[in-house]
Amino acid sequence: MEARHRKDESVTDLEFDGKPSGDEASRGGRARKRRGRRKSGQKQAAPVQGALVPRPGKPETQDNGLQQKKKRKRRRGRKVFARDGAEAVATAAVRPPANTVAMPPVAGNGAAAPRRETPVADERPHAYAALDLGTNNCRLLVAIPTRPGQFRVIDAFSRIVRLGEGLSGTGRLGDQAMSRAVEALKHCAEKLAGRDIRKARLIATEACRSAENGVEFLTRVTEETGLVLEIIDRETEARLAVSGCGSLVERDTDGVVLFDIGGGSSEIALIDISARRGGRLADHIVSWTSLPVGVVSLSERFGGRHVTPEIYAAMVEDVARMLDAFEGRDKLGLIAHGDRFHLLGTSGTVTTLAGIHLDLPRYDRRRVDGLWMQSDDIDRMIERLVGWEFHERVANPCIGPDRADLVLAGCAILEAIRRVWPAQRLRVADRGLREGILAELMAGDGAWRRSRERGRS
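Let us look at the structure shown here. (Residues numbered from 1 in each chain as written. Predicted model: local features only at pLDDT ≥ 70, side-chain atom pairs only at ≥ 80, totals over all residues. Heavy atoms only, no water.)

### Considerations on the sheet that holds strand β13 (residues 341-345)
Quick reminder of the rule: A pair of strands is treated as paired once DSSP finds two or more bridges between them. A run of DSSP states H or I qualifies as a helix once it reaches four residues; a run of E qualifies as a strand once it reaches two. Both are numbered from the N-terminal end. To obtain each axis, a line is fitted to C-alpha atoms, and for helices this fit is confined to the stretch in contact; angles are then taken between N-to-C directions over 0 to 180 degrees.
Taken together, 6 strands build an open sheet; the order of strands is β12-β11-β10-β13-β15-β14 and the sheet is mixed. The two strands at the open ends of the sheet, each matched to only one other strand, are β12 (285-291) and β14 (372-374). Each strand axis lies, on average, 20 degrees off the axis of its neighbour in the sheet, ignoring direction. One ladder, built from 7 bridges, connects strand β10 (residues 255-261) with strand β11 (residues 266-272); its direction is antiparallel. Paired with Val-257 across the bridge in β11 is Leu-270.

### Focus: unusual backbone geometry
Phi at Arg-162 takes a positive value of approximately 50 degrees, unusual for a residue other than glycine. Mapping Arg-162 onto the fold places it in the loop between β7 (151-160) and α3 (167-170). In this model, Asp-359 sits at a positive phi of 55 degrees, which is unusual for a non-glycine residue. Considering the arrangement of structural elements, one finds Asp-359 in the loop between α10 (348-357) and α11 (365-368).

### Here's the deal with the side chain of Arg-195
Note the threshold: Polar contact is the term for a pair of N or O atoms within 3.5 Å; when the atoms are in protein, one must be able to donate a hydrogen and the other to accept it, and sequence-neighboring residues count only if both atoms are side-chain atoms.
Tracing the sequence through the fold places Arg-195 in the loop between α4 (175-193) and β8 (197-204). Among the polar contacts listed, one links the side chain of Arg-195 to the backbone oxygen of Ile-154, at a separation of 3.2 Å.

### A word on the pattern of salt bridges
The line we're drawing: For salt bridges, the criterion is a side-chain nitrogen of Lys or Arg within 4 Å of an Asp or Glu carboxyl oxygen. Exposure categories follow from relative accessible area, calculated using a 1.4 Å probe and restricted to protein chains: below 20% of the type maximum is buried, above 50% is exposed, and the middle band is partly exposed.
As enumerated under the stated definition, the model contains 26 salt bridges in all. For the salt bridge of Glu-250 with Arg-427, the shortest nitrogen-to-oxygen distance reads 3.8 Å. With Glu-250 in the loop between α7 (234-245) and β10 and Arg-427 in strand β15 (residues 425-428), the pair connects residues that are 177 residues apart, well separated along the chain. Of the residues examined, Arg-427 reaches a relative accessible area of 5% and is grouped as buried.

### Quick look at the nonpolar core
For the record, the criterion: Each nonpolar core is a collection of buried residues, namely Ala, Val, Leu, Ile, Met, Phe, Trp, Tyr and Cys, held together in the definition by side-chain atoms within 4.5 Å. The contact criterion used is simple: two residues touch if any of their non-hydrogen atoms lie within 4.5 Å.
Grouped together as the largest cluster of nonpolar side chains are 55 residues, with contacts concentrated most on Phe-259, Ile-268, Leu-385 and Trp-421. For this core, the element with the most residues is helix α14 (residues 407-420), which contributes 9 residues. Excluding anything up to four places from it in sequence, Ile-268 contacts Val-257, Leu-258, Phe-259, Ser-287, Trp-288, Thr-289, Leu-291, Leu-323, Ile-417 and Trp-421. Residues Ala-129, Leu-163, Ile-197 and Phe-217 belong to the second largest nonpolar core, which totals 34 residues.

### Points about the state of the cysteines
Which entries qualify depends on this criterion: Disulfides are defined in this document as cysteine sulfur pairs within 2.5 Å.
Applying the stated criterion across every chain yields a total of 0 disulfides. Note on Cys-188: no disulfide assigned, nearest cysteine sulfur contributed by Cys-138 at a separation of 4.0 Å.

### Structural notes on the packing of aromatic side chains
Applied cut-off: Two rings from Phe, Tyr or Trp (for Trp, the six-membered ring) form a pair when their centres sit within 6.5 Å of each other. Planes less than 30 degrees apart are called stacked, planes more than 60 degrees apart edge-to-face, and all others tilted. Put simply, a charge is over a ring when the Lys NZ or the Arg CZ is close to the ring centre, within 6 Å, and near the line of the ring normal, within 35 degrees.
If you walk through the whole model with that rule in mind, you get 1 aromatic pair. The residue whose ring lies beneath Arg-305 is Phe-390, and the NZ or CZ to ring-centre distance is 4.0 Å. Above the face of the Trp-372 ring, Arg-425 is positioned so that its terminal group lies 4.0 Å from the ring centre.

### Some remarks on α7
As a reminder of what qualifies: Residue count minus one, scaled by 1.5 Å, sets the expected span of a helix.
For α7, which comprises 12 residues, the first-to-last C-alpha distance of 17 Å matches the rise-based estimate of 16 Å (1.5 Å per residue) to within 8%. Within α7, 9 of the 12 residues are buried, which leaves it mostly tucked inside the rest of the structure. Buried residues of α7: Thr-236, Glu-237, Ala-238, Leu-240, Ala-241, Val-242, Ser-243, Gly-244 and Cys-245, and no others. Between the side-chain oxygen of the N-cap and the backbone nitrogen of Glu-235 there are 3.3 Å, and the N-cap of α7 in question is Asp-233.

### With respect to the packing of helix α8 (residues 295-302) against helix α9 (residues 309-324)
Let me state the cut-off plainly: We call two directions roughly parallel when the angle between them is under 35 degrees, roughly antiparallel when it is over 145, roughly perpendicular when it lies between 65 and 115, and oblique otherwise. In a left-handed crossing the near helix is turned counterclockwise from the far helix by less than a right angle, and in a right-handed crossing that turn is clockwise. Just so you know the grouping, Ala, Val, Leu, Ile, Met, Phe, Trp, Tyr, Cys and Pro go in nonpolar, Asp, Glu, Lys and Arg go in charged, and all remaining residues, Gly too, go in polar.
Two elements in contact, α8 and α9, have axes whose closest approach is 11 Å; the angle formed by their N-to-C orientations is 130 degrees. Our classification of the angle between α8 and α9 gives oblique. Where α8 crosses over α9, the handedness of that crossing is right-handed. On α9, the residues that touch Leu-298, Arg-301 and Phe-302 of α8 are Ile-311, Ala-314, Met-315, Asp-318, Val-319 and Met-322. Looking at the contact of α8 with α9 residue by residue, the class counts come to 7 nonpolar, no polar and 2 charged.

### Quick notes on α10
An α-helical segment advances 3.6 residues per turn. Residues three or four places apart therefore align on the same side. Within α10, 9 of the 10 residues are buried, leaving the element largely enclosed by the surrounding structure. Within α10 the residues assigned to the buried category are Gly-348, Thr-349, Val-350, Thr-351, Thr-352, Leu-353, Ala-354, Gly-355 and Ile-356. One or two residues past the end of α10 sits Asp-359, with phi positive at roughly 55 degrees.

Okay, structure coming up:
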């Protein structure tokens, strides 16, 4: 998977509902809460983490019997607070107290992480974690389930590590690249140690999959960070990408070609939902492929700093030959030529094009995620990028120095895909494997079922 335009990220309280990003929903939610408080006669006050909030309508003093009852509840392990004799509740903090014992090594494969002793009530939603170590980037998401099919991100991390640097020439992961990745994974381990993680899945993709020393490197990762990563196959990678972007496909759609342009490979899934859409979107995949090419490997072969129109055309033709060998590319039939068909791209390439198209002064996920781009818009942005010199790409706030030598390789892969499936519309997704992992972990663990039960109780 590719980078998302920033070296590090620390994201708190982002609502993931599969819909285009923005703050309209959160503003509406706050307005509804204010109306509810006005109806109930409560005063509006800024929430303070850990503050004790007396319930309205209760007297300031309680008899001794009630106090004894509260003590009995505490002995049974229930979280009850009292102040000045008044019944009160405390807001649950997601981050455990500082004196909580650190979490042991985190295993992947969707297994339940070893639990720590924590005083937080069991009724609180559990946190789930997803880590994606790709050819170019290392990314982590920690989230808690909310409404069915949705979750709220409470912590995140992203850093460009270029683990696959030089891999296409040597077949091995380089020492400097591995050291960069280990340092980034140490930060991820610290974030996970500070959370009460119910389940986690930590994956590695193409760089570790194809390198001779990929397994050896992951052993080193476990020894130095305590994290246990699994190398997933290409089919799993394609399915997770679809799971992470599924709800960006609208109900009146007949077919979609979803692609994920990564650092060392590019996954493409053909999705047919013309008959009836049910269950997970990944269940409607009729054909898929994983091209052994990504932005890092392609730019290393053709050069990424000084790219002439002739070099760019050679990149496109190289990827087009790989797509010619994809036997299932016609599985969508006439659907791929209809009005209810579109492309769905989840990669740094398409998010970069979207940022340039919007002329953003700095990359803004809320503006980009879920954006529709027309075919003419894409042609114009690619032509503009091909005409830029390297220093002009570096100066663009949506590209920057970390991706200036990779973006044209991504555009070449995108253009080869559009030649095979010439859709008039492309939807941009700033999401992918991590979101797919979280959705599958929560669904498989019954997290949303428990959330509904808590709501009824």
